[in-house]
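Reading the structure
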Amino acid sequence: MGDAAVPAETGAADGPREVLRFPPFAYFWSATTIRAFGGAISGVAFQVLIVSVLHATPIEISIFSALSVVPYVFLGLIVGALMDRWRRQRTLVLTSIGRALALASITVLLLFNALGFWSLAIVTLILGVLVLFADSAAQPLLPRIVPRASLVMANARLGQSSTVASTAGPALGGALLNLLGAPILFLFDSVITAVSAVLQSRIDVVESKPAPRTDGHHIGHDIAEGMRYTYRHRMLRPLALSIHTWFLGNSIVSTLFAVFVLRELDLPAWAFGVTLAFGAVGGFLGALVAPRIGARLGAGGGIFLGRALVVAPWLALAIVPIDATSGIGVLLTFVSAAQFVYGLSMGIEDANDTGYRQAVAPDALQGRMNSTIRTVNRVVFLLGALLAGLLATFLGYRLSIGIGATIFAAAALIVAVSPLRKARHSDTPDAAL
């Protein structure tokens, strides 16, 4: 696939152009953004259906949670390999159409009073598989529609809209659910998803056919090749190991955060919502400054800053001697500040991390490289969530959160002691090997 398919890096000497000026990315961003809002809005209805309509038991609720992750664990590597051989734009369009039909089926089942645990579970699993295909196609497609110099900015723009959607979407979803009801809400999300398919079909991108497999070469060899490339690469290996370590720490603290502040600190539900909003604000600002930080400190510096910064809020929650008697003003200020820094760190590192991966991996391996890292991340997160429960049971919340902060520090240390610390966004695939 020739580089001529990628938009020219006009004005590179003055820094990357605003990516929304590239029509292919504008369509990509618009489709992703409205899809994120639709998902955040209908996510409220999903939770209400599971808890209040189906009256699901704790075991059934855990099954629903697992169904959204299971496709990544069992199919992630396979789908990633397929994305290096299939047309990624076409995959995006087809998965959006499939998701629109799946969401519309929930409306039909509700209207005919036919929605039950197993029917919703099947739809949830179908949606999980479709989301896996969509995610696996989107990441490797992005480097084909924006210049290399604009990848960090492109990921930052996607991160900003995702943060706004995840913050405003649930509140809007709750209001629409009360006003319109679940059937109309799912139909609304279905229509939004169909519109995103139309926008994705307008993306102007050239995708060439992959080289044919040699005799005896099958998808298993493709997967193995992608894993070898990722974990033997002098830059991607420490990047992947740092991400996996970060996911382990994040699975522990994110699993325990809500129960810690609501039970241990006795924070009211409204105040808990305020702290999450501060986290979202931090994430938005982090994504806003991520391109500038990446340009000044380099990709490695930006990634390290994000990895190191995340240690502070969780270490503070673990060791600062506050409790339910400290007063709502102190608690709300302290926990909100911690969440703000947490969100800020993720906004900074995510755009630089993803942008660098997309820049240094060749197009023929983008799907497999991303799926390798993503699949291991999901497995680590599942194991970490289980570990969090054990740690909290035997060691308590504060010490468990402190362990999570220590794991975050280890993720930053991996970057600091590896060649990744000197990585630049201008690195080419050959130069980064």
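Residues numbered from 1 in each chain as written. Predicted model: local features only at pLDDT ≥ 70, side-chain atom pairs only at ≥ 80, totals over all residues. Heavy atoms only, no water.

**Points about the overall build of the protein chain**
Note the following rule: A run of H or I in DSSP counts as a helix once it spans at least four residues, and a run of E counts as a strand once it spans at least two, with each numbered from the N terminus. Note on method: radius of gyration uses C-alpha positions; expected globular size equals 2.2 Å times residues raised to 0.38. In this description, contact between two residues means that some pair of their heavy atoms is separated by no more than 4.5 Å. The Shrake-Rupley method, run with a 1.4 Å probe, gives the accessible areas here. Residue values count only the displayed protein chains as cover. The charged-residue count follows a simple rule in which Lys and Arg add positive charge and Asp and Glu add negative charge, with His and chain termini not counted at all. Every charge is mapped to an atom, namely NZ of Lys, CZ of Arg, CG of Asp or CD of Glu.
What the protein chain contains, in helices and strands, is 15 helices and 0 strands. Taken against the 2.2 N^0.38 rule, which gives 22 Å for 433 residues, the C-alpha radius of gyration of the protein chain at 22 Å falls within 12% of a compact globule. Across its three principal axes, the protein chain shows a C-alpha extent of roughly 60 × 55 × 45 Å. Considering only intrachain contacts with a sequence separation of at least 6, the fraction spanning at least 24 residues in the protein chain is 89%. For the protein chain, the exposed area adds up to about 19,000 Å²; of that, 69% sits on carbon and sulfur atoms. Counting 30 positive and 22 negative side-chain charges, the protein chain places the centres of these two groups 4 Å from one another.

**Quick look at the nonpolar core**
Our working definition: Here, nonpolar core refers to any group of buried Ala, Val, Leu, Ile, Met, Phe, Trp, Tyr and Cys residues whose side-chain atoms link them within 4.5 Å. Burial status follows relative accessibility: with a 1.4 Å probe on protein chains alone, a residue under 20% of its type maximum counts as buried, one over 50% as exposed, and anything between as partly exposed.
Ranked by size, the top nonpolar core spans 51 residues in total, and within it Val261, Trp314, Leu317, Tyr356 and Ile401 carry the most contacts. Mapped onto this core, the elements with two or more residues apiece are helix H9 (236-264), helix H10 (269-309), helix H11 (311-319), helix H12 (328-360), helix H13 (366-395) and helix H14 (397-416). In terms of residue count, H9 provides more of this core than any other element does, 12 residues in total. In this view, isoleucine 401 contacts Val253, Leu256, Phe260, Trp314, Leu317 and Ala318; residues no more than four positions away in its chain are not counted. Counting residues in hydrophobic clusters, the runner-up holds 25 residues, among them Phe22, Phe28, Leu92 and Leu132.

**Describing the packing of aromatic side chains**
To be explicit about the condition: Working definition: rings of Phe, Tyr and Trp (its six-membered ring) pair if their centres are within 6.5 Å, and the pair is stacked with planes under 30 degrees apart, edge-to-face with planes over 60 apart, and tilted otherwise.
All told, the structure shown has 12 aromatic pairs when counted by the stated rule. Judged by centre distance (5.1 Å) and plane angle (85°), the rings of phenylalanine 46 and phenylalanine 186 are edge-to-face. One end of the pair, phenylalanine 46, is in helix H1 (residues 23-53); the other, phenylalanine 186, is in helix H7 (residues 182-201), with 140 residues separating them in the sequence. Note on accessibility: phenylalanine 46 and phenylalanine 186 belong to one class, buried.

So, to be careful, I would describe these as geometric facts and stop short of saying anything about function.
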